[in-house]
Amino acid sequence: MQTQLEILRQLSKRYGTDKDYIIASGGNSSYKTADYLWITASGSFLGKLQDTDLLKLSRKKLAKLRSKNYGSDARKREEDVKNDLVSSMTDTGTNKRPSVETSIHDLIEYAYVIHTHPTRVNGLLCSNQAESMTKKLFGEMALYVAYQDPGYTLFKKVEQGVLAFRRERKRDPKLIFIQNHGIFVGSDSPEEIIRLYAMVDETISKEITIYPDVSQRSIDKQILAIMPEVRNMVSKERLMFMKVRNHALIESYLENESLFEKISRPFTPDIIVFCKSRYLYVNVEKNSEKILNALEKGLKKFQSDYGYLPKILLVKHLGMISVSDNEKYSEIILDIFEDLIKISCYSENFGGPHFMNDREVTFIEEWEAEKYRYEMARKT
Ligand SMILES: [Zn+2]
């Protein structure tokens, strides 16, 4: 068993340390036998898994979640599911919680399952041609699942697809693509997992002619000069940390309102967890005083419209700025938002960006489990 769990750790590390697959605490991974499932705890970083991040669950107990009727009240349902997941754990001496995607892992009858949110794959899955192109490129091999709210609803939809696939092809899908979310890759062989991930990336890359240009731009002196003032503006309630990033790709989307439009909403639940769903863009250039004025006005309007301080500020020609009350998080927020921009860029190869809709966004914003994951990741 130790060997298999070590292999799972290696696989998790391989994808968890590659920002093209997983940023921060995104994704999850598992290994199973007939009786037990080992899965990464909610909020753990796949790139640096600790022994305590792998939770062991009884598959007999997990199976009960599949047929139970949790009712239609989303909040109560997710709370009950969460409790049932926790009580499926064999070890009760931990305050860690199994990933909300545990039931999907349990469902797939392959020993190893690695779930990630790869940038290029999401370029396809967050595009207007997500379904048609995924089916065209991966056809019979894969299962495509249209967007669902994460948690039990998503599980039920994946279950429906997997059972139909199983009936038809007498085996489980090794590739499951989920719109505006990411991919599940499963196999009994760890080598095959690696081969499948490489094949998926190659197949999608063959369709790509528009690539993000991430050639570095030096950070403009102007933005450094205005930073202390901006920090004052966002630190009215408590001291905030800020970080700036700029490169050709970021700058290209800050040229005007209609380009900003293409990066103005979240593509995936993970983006909302880290960066929220609205971002402040200031289309003013050259004059520092004018930029500061626009930011001050923009911040006021933003807060009165959406009720929170933006985590991402975007200033024409100067780049993006993260705002966070946690220093370590200011870098992760930039990574996640940069990923959003790359996804938007890749989606141009597949008919352009397809954002989550307002109802889907609201569901995530109100979802307690996601808040918990954010809190856990902050402590790591
Ligand atoms: Zn996911």
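This write-up is about the structure you can find in this document. (Residues numbered from 1 in each chain as written. Predicted model: local features only at pLDDT ≥ 70, side-chain atom pairs only at ≥ 80, totals over all residues. Heavy atoms only, no water.)

Things to note about the pairing of strand β4 (residues 112-116)
Piece 1. With respect to burial, β4 is a largely interior element, 5 of its 5 residues being buried.
Piece 2. Residue alternation in β4 divides its side chains into two sets, Y112, I114 and T116 and V113 and H115, and both sets are buried.
Piece 3. One ladder, built from 4 bridges, connects strand β1 (residues 28-32) with β4; its direction is antiparallel. Considered in β4, the bridge of Y31 is made with Y112.
Piece 4. Direction of pairing for β4 relative to strand β7 (residues 182-187): antiparallel, over a ladder of 5 bridges. Residue H115 lies in a different strand from β7, and its bridge partner there is F184. (Buried < 20%, exposed > 50% of the residue type's maximum accessible area, 1.4 Å probe, protein only. Helix = DSSP H or I, 4+ residues; strand = E, 2+ residues; numbered from the N terminus. Pairing = 2+ DSSP bridges.)

Brief notes about the coordination of the zinc ion
Six octahedrally arranged donors around a metal ideally form angles of 90 or 180 degrees; four tetrahedrally arranged donors ideally form angles of 109.5 degrees.
Piece 1. Coordination of the zinc ion by the protein is provided by E101 (OE), H115 (NE2), H117 (NE2) and H181 (NE2), with metal-donor distances spanning 2.1 to 2.8 Å.
Piece 2. Taken together, the 4 donor atoms coordinating the zinc ion span angles of 76 to 171° at the metal, a pattern that classifies the geometry as irregular.
Piece 3. Spacing between the donor residues of the zinc ion along their common chain follows E-x13-H-x1-H-x63-H. With H115 in strand β4 and H181 in the loop between β6 (175-178) and β7, this residue pair connects regions lying 66 residues apart in the sequence. (Donors = N, O, S within 2.8 Å, 3.2 Å for Na, K, Ca; no water. Tetrahedral: all angles 85-135°; square planar, octahedral: opposite > 155°, others 65-115°.)

Focus on unusual backbone geometry
Piece 1. For N180, which is not glycine, the phi torsion reads 50° and is therefore positive.
Piece 2. Among the secondary structure elements, N180 is positioned in the loop between β6 and β7.
Piece 3. A positive phi angle, close to 60°, is found at K276, a residue other than glycine.
Piece 4. Along the chain, K276 falls in the loop between α12 (269-275) and β9 (280-282).

Considering the packing of helix α2 (residues 59-67) against helix α3 (residues 74-87)
Piece 1. The geometry of α2 relative to α3 is characterised by a closest axis approach of 9 Å and an angle of 165° between their N-to-C directions. Comparing the axis directions of α2 and α3 gives the class roughly antiparallel. The crossing of α2 and α3 is right-handed. Across from K61, L62 and L65 in α2, the residues of α3 making contact are V81, D84, L85 and S87. (Axes fitted to C-alpha atoms, helices over the stretch in contact; angles between N-to-C directions. Parallel < 35°, antiparallel > 145°, perpendicular 65-115°, else oblique. Left-handed = near helix turned anticlockwise from the far one by under 90°. Contact = heavy atoms within 4.5 Å.)

Details of helix α15 (residues 358-365)
Piece 1. Within the sequence span of α15, burial applies to E360, V361, F363 and I364. The buried residues of α15 all sit within an arc of 160° when viewed along its axis, so they share a single face.
Piece 2. Of the residues flanking the start of α15, the one acting as N-cap is N357, its side-chain oxygen 3.1 Å from the backbone nitrogen of R359. (Arc of directions from axis to C-beta. Polar contact = N/O pair within 3.5 Å; in protein donor to acceptor, adjacent residues only side chain to side chain.)

Side note on the pattern of salt bridges
Piece 1. Overall, the coordinates contain 30 salt bridges when judged by the stated rule.
Piece 2. Notably, a salt bridge pairs K82 with E79, separated by 3.0 Å at the nearest N-O pair. Placement of both K82 and E79 in helix α3 is noted, with a separation of 3 residues, approximately one turn of the helix.
Piece 3. With relative accessibility at 16%, the residue K82 sits in the buried group.
Piece 4. Residue E79 is classed as partly exposed on the basis of its relative accessible area of 34%.
Piece 5. Among the ionic pairs, E338 bridges to K342, the shortest N-O distance being 3.2 Å. Here K342 and E338 lie together in helix α14 (residues 327-347), a separation of 4 residues that amounts to about one turn. Across this residue pair, the class does not change: E338 and K342 are buried. (Salt bridge = Lys/Arg side-chain N within 4 Å of Asp/Glu carboxyl O.)

Here we look at the sheet that holds strand β10 (residues 312-315)
Piece 1. Read across the open sheet, the 4 strands follow the order β8-β11-β10-β9; overall the sheet is mixed. Strand pairing shows two members of the sheet lacking a second neighbour, β8 (241-245) and β9, which therefore form its edges. Strand-to-strand twist in this sheet, taken as the mean axis angle between neighbours without regard to direction, amounts to 20°.
Piece 2. By the bridge criterion, 4 bridges tie β10 to strand β11 (residues 319-324) in an arrangement that is antiparallel. Bridge pairing in β11 links I312 to S322.
Piece 3. Those strands touched by helix α9 (residues 221-234) are β8, β10 and β11, and its axis lies near 145° from that of β8.

Regarding the environment of Y253
Piece 1. Its place among the elements puts Y253 in helix α10 (residues 248-253).
Piece 2. Overall, the relative accessible area of 6% leaves Y253 in the buried class.
Piece 3. Placed 11 residues apart in sequence, Y253 and S264 show a C-alpha to C-alpha distance of 9.9 Å.

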